[in-house]
2 protein chains.
Amino acid sequence: MIKYSRQREAIRKQISNRGDHPTAETLYAELKGDFPNLSFATVYRNLNQLVEQGEIAKINVGGATRFDYDPLPHSHFFCRKCGAVIDMPENDSAMLLAAHEGFSGIIEACTSNFYGICPECAAEAKKRSN
Amino acid sequence: MIKYSRQREAIRKQISNRGDHPTAETLYAELKGDFPNLSFATVYRNLNQLVEQGEIAKINVGGATRFDYDPLPHSHFFCRKCGAVIDMPENDSAMLLAAHEGFSGIIEACTSNFYGICPECAAEAKKRSN
DNA sequence: TTTGCTGCAAATTCTTTGCACTGGG
DNA sequence: CCCAGTGCAAAGAATTTGCAGCAAA
């Protein structure tokens, strides 16, 4: 049976409020203010529990582990300039599934990773060149 | 200047011969036969060097680091039954790029991750149900 | 009261680094 | 001869685990 805990609730809320892909360390640092005695163990235990419950997802960004507020499989964009990880608006998996219909295995899900320059950095570069 | 070394050559050959996505530990274990004094440090150093030289690639499979004999960005299929990581024959990035033309950033590369049952496991399951 | 959760510290796992020595160029 | 590469051991970084005390239910 899973009991309520203020720490877990704070972690859940923090990830959800941020709406991005923080590392365990980032979350720990941010919550340390509200819970001075917070330990990494608690953060990790709760993050793993939330992942198991399917409330959040664990993703991997260039070797580092990050947590995603959206547990459903979806695509990400990785900016090579600022390092940002952005959710991609659409994940046309139907199209991808069709594209790989020659594959004899069973494709259940598909996510894509896009690499390049994010909208912000692109705009920044454009502004400078003016 | 990069010098020849039998260890590095063996590592390079091993990855290439396997044609799959081994971990550093797997490679170490396999090469330990030919090089009884081989150390993990040598394996890691050489793997990292080969990655830097663009001869192989580092990929991440469920939190674990693996090495890919094919350094060019391409898609992978992850079997949830046997854990196999299979290269996907085609990576129609042009299609994906087109699909995301509404995105205001600059997409330079794209790889997809497919999840499901690999051809072998699928065939196995089918055979059993007969 | 029972059992999960927390904090702390120690333990793990994976990978890198320092150093003296070997070996390729 | 010179410096990259090696092996070994120690150092690091990230994450997990053991345990005693605390707090939900």
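Residues numbered from 1 in each chain as written. Chains lettered and ligands numbered in written order. Predicted model: local features only at pLDDT ≥ 70, side-chain atom pairs only at ≥ 80, totals over all residues. Heavy atoms only, no water.

S.K.: How do you make sense of the domain arrangement of chain A when you look at a structure like this?
M.R.: Residue and element names in this part refer to chain A. Here chain A is described as being made up of domain 1 (6-68) and domain 2 (76-129). A C-alpha centroid distance of 24 Å is found between domain 1 and domain 2. At the interface, four residues of domain 1 touch five residues of domain 2. By the criterion of area lost to domain 2, the three top residues of domain 1 are His 21, Ile 59 and Val 61, representing 71% of everything that side buries. On inspection of domain 1 and its partner domain 2, the count reaches four residue pairs in polar contact (both at pLDDT 80 or more). Taken together, the residues that form the side of domain 1 that touches domain 2 break down as two nonpolar, one polar and one charged. (Domains from an automatic or database assignment. Contact = heavy atoms within 4.5 Å. Buried area = accessible area lost by both parts, 1.4 Å probe. Polar contact = N/O pair within 3.5 Å; in protein donor to acceptor, adjacent residues only side chain to side chain. Nonpolar A, V, L, I, M, F, W, Y, C, P; charged D, E, K, R; others polar.)

S.K.: What is the right way to read the packing of aromatic side chains from this model?
M.R.: Given two aromatic rings, one states the distance between the centres and the angle between the planes to describe the pair. On inspection of all chains with the given rule, the structure shows eight aromatic pairs over all chains. Residues Phe 103 of chain A and Phe 77 of chain B carry aromatic rings whose centres are separated by 4.7 Å and whose planes lie at 50° to one another, so their mutual orientation is tilted. Pair noted here: Phe 103 of chain A is in the loop between helix H4 (93-99) and strand S5 (106-117) and Phe 77 of chain B is in strand S3 (residues 76-79), and the two residues belong to different chains. Taken together, Tyr 28, Phe 40 and Tyr 44 of chain A form an aromatic cluster joined through their ring pairs. (Phe/Tyr/Trp six-rings, centres within 6.5 Å; stacked < 30°, edge-to-face > 60°. Helix = DSSP H or I, 4+ residues; strand = E, 2+ residues; numbered from the N terminus.)

S.K.: Would you mind showing me how to read the protein's contact with DNA strand D here?
M.R.: In the vicinity of DNA strand D there are 23 residues, among which Tyr 44 of chain A together with Lys 3, Ser 5, Arg 8 and Thr 42 of chain B approach most closely. Ser 5 of chain B places a polar side-chain atom, nitrogen or oxygen, 2.8 Å from a phosphate oxygen of DNA strand D. Listed by contribution, the elements that provide at least two residues to the surface near DNA strand D are helix H3 (40-52) of chain A together with helix H1 (6-18) and helix H3 (40-52) of chain B. With five residues, H3 of chain B is the largest single contributor of residues to the surface near DNA strand D. (Near = heavy atom within 4 Å.)

S.K.: Would you explain the protein's contact with DNA strand C in this entry?
M.R.: Lining the immediate environment of DNA strand C, one finds 22 residues, of which Lys 3, Arg 8 and Thr 42 of chain A together with Lys 3 and Tyr 44 of chain B sit closest. Among the atoms of DNA strand C lying within 4 Å of the protein, the sugar-phosphate backbone contributes 70%. The contact in question runs from a phosphate oxygen of DNA strand C to an N or O atom on the side chain of Thr 42 of chain A, over 2.5 Å. Between Lys 3 of chain B and DNA strand C, the recorded distance is 2.8 Å, taken from a side-chain N or O atom to a base nitrogen. Of all the secondary structure elements, the ones that give two or more residues to the surface near DNA strand C are helix H1 (6-18) and H3 of chain A together with H3 of chain B. The biggest single contributor to the surface near DNA strand C is H3 of chain A, with five residues. In the surface near DNA strand C, the residues fall into eight nonpolar, nine polar and five charged.

S.K.: I would appreciate a short explanation of the interface of chain B and chain A in the present structure.
M.R.: It is common to give the size of an interface as the accessible area that goes away when the parts come together. The partner chain A presents 27 residues to the 27 residues of chain B that form the contact. Summing the contributions of chain B and of chain A, the shared interface buries around 2,600 Å²; its carbon and sulfur component is 62%. A per-residue breakdown of the area chain B buries against chain A is headed by His 100, Phe 103 and Phe 114 of chain B, which together make up 20% of the total. On the surface where chain B and chain A come into contact, there are two salt bridges. A salt bridge links Arg 80 of chain A to Glu 108 of chain B; the nearest nitrogen and oxygen atoms lie 2.7 Å apart. Taken together, the elements giving at least two residues each to the side of chain B that touches chain A come down to helix H4 (93-99), strand S5 (106-117) and helix H5 (119-129) of chain B. Among the elements that line the side of chain B that touches chain A, the one with the most residues is S5 of chain B, at twelve residues. (Salt bridge = Lys/Arg side-chain N within 4 Å of Asp/Glu carboxyl O.)

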